[in-house]
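For reference, the chains in residue letters:
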Amino acid sequence: MNNALPLVIAIPMITAVISLLGRHRPGMQKGVGLAGSLALLSTSIAILAGVLLEGILSVQIGNWPAPYGITLVADVLSSLLTLVAAVVVLLVSIASWTEIDPDRVAFGYHPLLHILTMGICGSFLTGDVFNLYVWFEVMLISSFVLLGFGGERAQLEGTTKYVTLNLLSSTLFLAGIGVLYGTFGTLNMADLALQLRGPTHAHLAETLATLFLLAFGIKAAVFPLFFWLPASYHTPPVPVSAVFAGLLTKVGIYALVRFFTLIFSGDAAVMHRIILVLAAFTMVVGILGALPQRDFRRIVSFNLISHIGTLLVGLGIFTPLALAGTVFYLMHDIVTKTCLFLFTSIVQRLGGCADIGKLGGLYRSHPFMALLFLLAALSVGGIPPLSGFWGKLILVQAGIAEKEYWLVAAVFGAGFLTLYSMSTLWSEVFWKDRPEAIGDPECECVGRTFLPLSLVTPIGILVFLIVVMGIWPSPFFHLAELAARQLSDPQMYIQKILQGKP
Amino acid sequence: MTVEVELALTVGGLYAAGLYMVLRRSIVKLVIGLALLGHAANLLIFTMGGLVRGQPPLMHPWDTRLWGRFADPVPEALILTAIVIGFGVQAFAIVLIKRIYLDMGTEDLRELQSTDITP
């Protein structure tokens, strides 16, 4: 089972190469993309099953023993996230069949999507800090191109901001790696965890923790480092922003969770306090930013930021229950945010634009799509019995158990505002009558009525997942609890990687 | 040992210059600033890896590990990787700014705000 780990990186790479070879045959690219995504999905299911049966899996690349070679590790969190990522990529690649224009496909959309997948899966599985940097860069470079290609004016502007802040974050990450290696002489995460358990270098550990918090905070769009996100996520084609919203910021969250449970968990406890404050600010400021927006995707972008804060709550409280809440919420958030961003495509097709003031009446014309949207939106708002409710419930329980009442208040406040923002979307886009005769040459609000099946099916599947996670949460919560147990007891991870070395 | 002090000062200078350039309004200076920040980080890894002169990491055939002081090759390998990645990213950034200049006829970041402003 261990040998399946490199496959998760190899499959997207091979898919990308084959679909690059078939550049001028869009039909073949679709087939290859579908086959590759299905292969990735089945491999990641196999890995999750293997982790549940045999415990943490690991591979030493090139058979170099642990602290020297590059390690690939899959614990429950990594394999779970790989699985969710595979689901998202599969659905988004299906949605891209009709939602990406032929020019962009000819330019290499499909290979880029799979290279991005490779970077995401690599980041989830690596057990080496420098290797994580490399996967981040693989992910970033493909996301730069995905964001910018097509060359519309808004896209170029969005890309400028995205590129600048993400490069800045990479520089901080790289500086952190340099200091880490210079101090501890190792970059293997398990080895680092072991060395930082020792009494030495406490002050340096805090400095390093701050550097990594900044670097990953920019990637994850944490307050006050999130301004690149609402400036760029509404500019590219819808499937691109759906996969970005679903997965890219979550890789930043994953890196934060990994670093602050495994490496910086002992001496740098003050950092968890800082994370808690940042989480509260991200939740509240993010959702306040959503309120005045009028563009469908910008509203969802600000909601995305707010929920990044909710994800960090569990990491800040740092008890097994809270971490389980974060893992559960992570699964929910990836699914719902991808779903909401894909909905932009539906809204743009039916209404002709994305400005919520000019939209309306979609409930009357397409009640089924409106119902699907309502389920996704209520889940984001945290209404029982949908997936978002359970995630928030666990986090609130953990917060009350640790007597962090102000944080619980922030979660509730942000929750109410999220519900308000979602109901604005509902009433403006679906419920109210369609405003007639608005003479705006920029936005010809002439909608089409045709919805391709390849767009509706992925959304349907995502909403189905949301409902399943809502009415049958116990298996998902069980998985989240297992992941949290491994995260809060890193000894298992360290021993597995270092194979009983001191 | 003095070389390390000089290198540390260089790293600091590069960071300062990079940050200054990133905060300019010209998009060309922005890209130059990002490149300088990348160099600063690479040089930081190099300096932190420890500077050892005339001690190559070679061992006798009968040894199983290296003893004493030796020049650590790992930071160089890290820097090499980071330089290659940085090169690719900078190539992309240069194409991007060229495209922006051709499309919009400006290199002033203050005129590139349409995606930030709420209409």
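Relevant structure appears above.
Below is a short write-up of the structure. Every chain is numbered independently, its residues counted from 1 as its sequence is written. Chain A is the first chain written and ligand 1 is the first ligand written, with later ones labelled in order. A pLDDT threshold of at least 70 governs which residues receive local features in this predicted model, and a stricter bar of 80 or more applies before side-chain atom pairs are shown or counted, although totals over entire chains, interfaces and linings include all residues. Derived side-chain values reflect all non-hydrogen atoms in the structure, with water molecules and hydrogen atoms excluded from consideration.

1. Comments concerning the overall build of chain B
Where we set the bar: Only DSSP runs of H or I reaching four residues or more are called helices, and only runs of E reaching two or more are called strands; each is numbered from the N terminus. Atoms counted for the radius of gyration: C-alpha only. Globule rule: 2.2 Å times the number of residues to the power 0.38. For each residue, the accessible area found with a 1.4 Å probe, counting protein chains only, is set against the maximum for its type, and the residue is called buried under 20%, exposed over 50%, and partly exposed in between. We call two residues contacting when some pair of their heavy atoms lies within 4.5 Å. Counting rule for charge: Lys and Arg are taken as positive, Asp and Glu as negative, and neither His nor the chain ends is counted. Charge coordinates come from a single atom per side chain, which is NZ of Lys, CZ of Arg, CG of Asp or CD of Glu.
For chain B, the helix and strand inventory stands at three helices and zero strands. Reading chain B from its N terminus to its C terminus gives the helix and strand order α-α-α. For chain B, whose C-alpha radius of gyration is 20 Å, the value lies well above the compact-globule estimate of 14 Å for 119 residues. Put simply, chain B has 119 residues, and 32% of those count as buried. A sequence separation of at least 24 residues applies to 55% of the contacts in chain B between residues at least 6 apart. Of the side chains in chain B, 9 bear a positive and 10 a negative charge, and the two mean positions are spaced by 4 Å.

2. Description of unusual backbone geometry
Residue and element names in this part refer to chain A. In this structure, Pro224 follows Phe223 across a cis peptide bond, with omega equal to -5°. When you line up the elements, Pro224 lands in the loop between helix H9 (202–220) and helix H10 (228–232). Located in the positive-phi region is Asn63, a residue other than glycine, with phi close to 60°. Among the secondary structure elements, Asn63 is positioned in the loop between strand E1 (57–60) and strand E2 (71–74). The backbone phi angle of Phe318 is positive, close to 60°, even though this residue is not glycine. If you trace the backbone, Phe318 turns up in the loop between helix H13 (296–317) and helix H14 (320–351).

3. A closer look at empty space enclosed by the protein
We apply this condition: Each cavity reported here is a set of points on a 1 Å grid over the protein atoms alone in which a 1.4 Å probe fits but cannot get out, each pocket an open set with protein on both sides within 12 Å along at least five of seven lines, and each lining residue one with an atom within 4 Å of a point. Grid points are joined across faces, edges and corners, and a volume is the space filled by probe spheres set on the points. We call Asp, Glu, Lys and Arg charged. Ala, Val, Leu, Ile, Met, Phe, Trp, Tyr, Cys and Pro are nonpolar, and the rest, Gly among them, are polar.
All chains considered together, the criterion is met by five cavities of 30 Å³ or more. A volume near 60 Å³ is recorded for the largest cavity. Lining the largest cavity are Thr160(A), Val163(A), Thr164(A), Ile27(B), Leu30(B), Val31(B), Leu34(B), Ala93(B), Leu96(B) and Ile97(B). Within the residue set of the lining of the largest cavity, elements represented by two or more residues are helix H7 (153–184) of chain A together with helix H2 (27–48) and helix H3 (73–104) of chain B. The greatest single-element share of the lining of the largest cavity, amounting to four residues, is contributed by H2(B). The volume enclosed by the second largest cavity comes to roughly 50 Å³. If you trace the second largest cavity, you find it lined by Met139(A), Leu140(A), Tyr162(A), Asn166(A), Lys219(A), Trp228(A) and Leu248(A). Where the lining of the second largest cavity is concerned, the elements lending two or more residues are helix H6 (129–148) and H7 of chain A. Split into classes, the residues belonging to the lining of the second largest cavity amount to five nonpolar, one polar and one charged.

4. Overview of the pairing of E2(A)
All names here are of chain A. Note the threshold: Strand pairing is defined by DSSP finding a minimum of two bridges between the two strands.
Neither face of E2 is left uncovered, since the one carrying Thr71 and Val73 and the one carrying Leu72 and Ala74 both have all their residues buried. Relative to E2, E1 is paired through four bridges, and the arrangement is antiparallel. Paired with Ser58 across the bridge in E2 is Val73.

5. Some remarks on the side chain of Thr418(A)
Residues and elements named next belong to chain A. For clarity, the threshold we go by: Under this definition, polar contacts are N or O atom pairs within 3.5 Å; protein pairs additionally need one hydrogen-donor-capable and one acceptor-capable atom, and for neighbouring residues in sequence, both atoms have to be side-chain atoms.
You can see Thr418 is positioned in helix H18 (residues 405–431). With a relative accessible area of 1%, Thr418 lands in the buried category. Only 2.6 Å separates the side chain of Thr418 from the backbone oxygen of Ala414, close enough to count as a polar contact.

6. Things to note about the pattern of salt bridges
Side chains that carry opposite charge are capable of pairing whenever their charged atoms lie near each other. Residue and element names in this part refer to chain A. Formally: Salt-bridge detection follows one rule: a side-chain nitrogen of Lys or Arg within 4 Å of a carboxyl oxygen of Asp or Glu.
If you walk through the whole model with that rule in mind, you get 14 salt bridges over all chains. Between Arg104 and Asp101 there is a salt bridge, with its nearest N and O atoms 2.7 Å apart. Take Arg104: its relative accessible area is 8%, and that puts it in the buried class. Between Glu428 and Arg294 there is a salt bridge, with the nearest N and O atoms lying 3.6 Å from each other. Taken as a pair, Glu428 in helix H18 and Arg294 in the loop between helix H12 (269–290) and H13 lie far apart in primary sequence, 134 residues in all. Put simply, Asp101, Arg104 and Glu152 are held in one network by salt bridges that share partners.

7. What about helix H17 (residues 387–401) of chain A?
Residues and elements named next belong to chain A. To keep things clear, this is the line we draw: Helices are assigned an expected span. That span is 1.5 Å times one less than the residue count.
The first and last C-alpha atoms of H17 sit 22 Å apart over 15 residues, in line with the 21 Å expected at 1.5 Å per residue. Turning to H17, its buried residues are Ser387, Gly388, Gly391, Lys392, Ile394, Leu395, Val396, Ala398 and Gly399. For H17, the secondary structure elements touched by its buried residues are H13, H14, helix H16 (367–381), H18, helix H19 (453–471) and helix H20 (474–488). After H17 finishes, the residue Lys403 shows a positive phi value of roughly 60°.

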